[in-house]
Amino acid sequence: MEFRETGIAGCHLVVPTVHADDRGVLVKTYLESAFADRGLPTHFPEQFYSRSRQGVVRGLHVQLPPAAQDKLVCCIAGEVFDVVVDLRAGSPTYGRHASFSLTAENWQLVYIPVGLAHGFAAVSEQATMGYLATAEYAPGTDGGIRWDSAGVDWPVEAPLVSARDAGLPPLAEYRTPFTA
Ligand SMILES: Cc1cn([C@H]2C[C@H](O)[C@@H](COP(=O)(O)OP(=O)(O)O[C@H]3O[C@@H](C)C(=O)[C@@H](O)[C@H]3O)O2)c(=O)[nH]c1=O
């Protein structure tokens, strides 16, 4: 399991070892000791999945304190264009984003620390995302910024976006509770 820097402090691209043989593959996507060695969280009380059809954009979401979450995200079916945006006041990369191609074939994951917004576009016909999170979901603490306000070059035409996501504030108007 390799941890690659992403240009946004504390956010890592996690590249697991893919053990392939005649039968197929075995891939370990989370290893407590590897996370502990890097000072990353090892307690993930919540796991969930979403399935999206092609052209869906979800995000850009961040769960607010006191229920703020670190997340470990991956794509277990299909392919997504995954995005994080730094919303930590005082961060040298505040407002900047990083993007990743997460696919069921490359098995890569993104570790997203508290204070980064997250979203993705489903690039394949269907895409299933998996999440581990360090805090349980708390209705009323879900926030974020509008998907098209952070300079992201989304690889989809006419994205399908939820009403809630369409109503999120743009990055320029976002009042962040997070600090670097
Ligand atoms: C995220 C979440 C949603 N829900 C409910 C609320 C709502 O009725 C329904 C769908 O929620 P949403 O529209 O927020 O689902 P979705 O847009 O898939 O939300 C997710 O987006 C990506 C980008 C993330 O990073 C995730 O952390 C999460 O915010 O599921 C839960 O019960 N628990 C949860 O943890």
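Only a predicted model underlies this, so the values are computations on that prediction, with no experimental measurement involved.

It is worth spelling out the overall build of the protein at this point. When helices and strands are counted, the protein shows two helices and 13 strands. In terms of overall dimensions, the protein is globule-like: its C-alpha atoms have a radius of gyration of 16 Å, near the 16 Å expected for 180 residues. In terms of overall dimensions, the protein has C-alpha extents of about 55 × 40 × 30 Å along its principal axes. The burial tally for the protein puts 49% of its 180 residues in the buried class. Look at the contacts in the protein between residues 6 or more apart in sequence, and 78% of them connect residues 24 or more apart. As displayed, the protein offers around 9000 Å² of accessible surface, 49% of which is attributable to carbon and sulfur atoms. One finds the centroid of the 13 positive side-chain charges in the protein at a distance of 3 Å from the centroid of its 20 negative side-chain charges.

What follows concerns the pairing of strand 4 (residues 24-27). As judged from the four bridges shared by strand 3 (residues 18-21) and strand 4, these two strands associate in the antiparallel manner. Bridge pairing links D21 to G24 in strand 4. Where strand 3 folds back on strand 4, the antiparallel hairpin that results is connected by two residues.

Considered as a void within the structure, the largest pocket measures approximately 500 Å³ in volume. Considering the residues around the largest pocket, the lining is formed by 27 residues, among which F48, R58, H61, Y131 and R164 are closest to the centre. If you list the elements that add at least two residues to the lining of the largest pocket, you get strand 5 (46-53), strand 6 (57-63), strand 11 (116-122) and helix 2 (163-166). Tallying contributions element by element places strand 5 first for the lining of the largest pocket, with seven residues. The residue makeup of the lining of the largest pocket, split by class, is 10 nonpolar, nine polar and eight charged. In this model, the second largest pocket occupies a volume close to 180 Å³. Residue lining of the second largest pocket: 13 residues in total, with T29, Q47, C74, L109 and L132 positioned closest to the centre. Looking at the lining of the second largest pocket, the elements with two or more residues in it are strand 5, strand 7 (71-77) and strand 12 (126-133). No other element matches strand 7, which puts four residues into the lining of the second largest pocket. Along the lines of polarity and charge, the residues of the lining of the second largest pocket split into 10 nonpolar, three polar and no charged.

Time to look at the UniProt feature "active site" (unreviewed entry) in the protein. Under the present numbering, the feature "active site" (unreviewed entry) in UniProt falls on H61 and Y131. In terms of the greatest pairwise C-alpha distance, the residues named above, spread along 71 residues, form a tight cluster of at most 13.1 Å across. Among the annotated residues just listed, those that line the largest pocket are H61 and Y131. When you line up the elements, H61 lands in strand 6. In this view, H61 contacts K71, L116, A117, H118, G143, G144, R164, D165 and L168; residues no more than four positions away in its chain are not counted. Here Y131 lies in strand 12.

A few words now on the sheet that holds strand 5. Strands sit in the order 1-2-10-7-12-5 across an open sheet of six strands; the sheet is antiparallel. At either margin of the open sheet sits one strand with a lone partner, and together these are strand 1 (2-5) and strand 5. Across the sheet, the axes of successive neighbouring strands diverge by a mean angle of 25°, strand direction being ignored. Judged from the six bridges that link them, strand 7 and strand 12 form a sheet pairing that is antiparallel. Directly across from A77, in strand 12, lies its bridge partner T128.

Rules of the game
- Residues numbered from 1 in each chain as written.
- Predicted model: local features only at pLDDT ≥ 70, side-chain atom pairs only at ≥ 80, totals over all residues.
- Heavy atoms only, no water.
- Helix = DSSP H or I, 4+ residues; strand = E, 2+ residues; numbered from the N terminus.
- Rg over C-alpha atoms; globule rule 2.2 N^0.38 Å.
- Buried < 20%, exposed > 50% of the residue type's maximum accessible area, 1.4 Å probe, protein only.
- Contact = heavy atoms within 4.5 Å.
- Areas by Shrake-Rupley, 256 points an atom, 1.4 Å probe, with all protein chains shown as cover.
- Lys, Arg positive; Asp, Glu negative; His and termini not counted.
- Charge placed at Lys NZ, Arg CZ, Asp CG, Glu CD.
- Pairing = 2+ DSSP bridges.
- 1 Å grid on protein atoms, 1.4 Å probe; cavity = no way out; pocket = protein on both sides within 12 Å on 5 of 7 lines; lining within 4 Å.
- Points joined across faces, edges and corners; volume = space filled by probe spheres on them.
- Nonpolar A, V, L, I, M, F, W, Y, C, P; charged D, E, K, R; others polar.
- UniProt positions renumbered as here; feature names shortened; annotations may be inferred.
- Axes fitted to C-alpha atoms, helices over the stretch in contact; angles between N-to-C directions.

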